[in-house]
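Observations on the model geometry
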Amino acid sequence: QVHLVESGGGLVQTGESLRLSCVTPGTTFVIDSMGWYRQAPGKQRELVARFRRGNTIDYADDVKGRFTISRNKSRNQVYLQMNSLKPDDTAVYYCYAFYFKDYWGQGTQVTVSS
């Protein structure tokens, strides 16, 4: 069992920044793949950024150059630095992990006002 706990969301204005964190309390093994997805109101959940096995990083086209994903792999922690935020970034952001199956956190709300 993998438990994912996100934090760092909030309400900001256009152009400001947020840093999201995801931790895995009680997890003793190392997770190879972790990342971030988001779901805006009325939209499907979509990939934001993720680490694949071998530390390959995938970014959604919309966030390239603005968001940076990082992690402490040994501690199963993953972070998302979000700069130059736009109203279209408003969504619930979910931490994701794959360890023989998909795992999801509870989500943290990010709201960007225009």
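What you see is a predicted model, and the numbers here were worked out from it, not measured in a lab.

Per the stated rule, a full pass over the model turns up one disulfide. Across a sulfur-sulfur distance of 2.0 Å, Cys 22 and Cys 95 are joined as a disulfide pair. Since a negative S-S torsion denotes a left-handed disulfide, the Cys 22-Cys 95 link at about -85° is left-handed. One end of the pair, Cys 22, is in strand β3 (residues 18–23); the other, Cys 95, is in strand β9 (residues 91–98), and 73 residues separate them in sequence. By the burial criterion, Cys 22 is buried, and Cys 95 matches it.

Core analysis: the biggest nonpolar cluster contains 27 residues, and Trp 36, Leu 80, Met 82 and Tyr 93 have the highest contact counts within it. Where this core is concerned, the elements lending two or more residues are β3, β4 (33–39), β5 (46–51), β7 (67–72), β8 (77–82), β9 and β11 (108–113). Of all the elements, β9 adds the most residues to this core, at four residues. Sequence-distant contacts of Tyr 93, that is, excluding residues within four places in its chain, are made with Glu 6, Leu 20, Trp 36, Tyr 37, Arg 38, Val 48, Phe 67, Leu 80, Met 82, Gly 107, Thr 108 and Val 110.

Rules and cut-offs
Within every chain, residues take consecutive numbers counted from 1 along the sequence as written. It should be noted that, the model being predicted, local features are given only for residues of pLDDT at least 70 and side-chain atom pairs only at 80 or more, the latter also being counted only at that level, while totals for whole chains, interfaces and linings use all residues. Excluding hydrogens and water, the side-chain values take into account all heavy atoms of the structure. Disulfides are defined in this document as cysteine sulfur pairs within 2.5 Å. Secondary structure elements are taken from DSSP: a helix is a run of H or I of four residues or more, a strand is a run of E of two residues or more, and numbering for both begins at the N terminus. For every residue, the accessible area obtained with a 1.4 Å probe (protein chains only) is divided by the maximum for its type, and the residue is called buried under 20%, exposed over 50%, and partly exposed between those limits. We call a set of buried residues a nonpolar core when its members are Ala, Val, Leu, Ile, Met, Phe, Trp, Tyr or Cys and they connect through side-chain atoms within 4.5 Å of each other. The contact criterion used throughout is that any non-hydrogen atoms of two residues lie within 4.5 Å.

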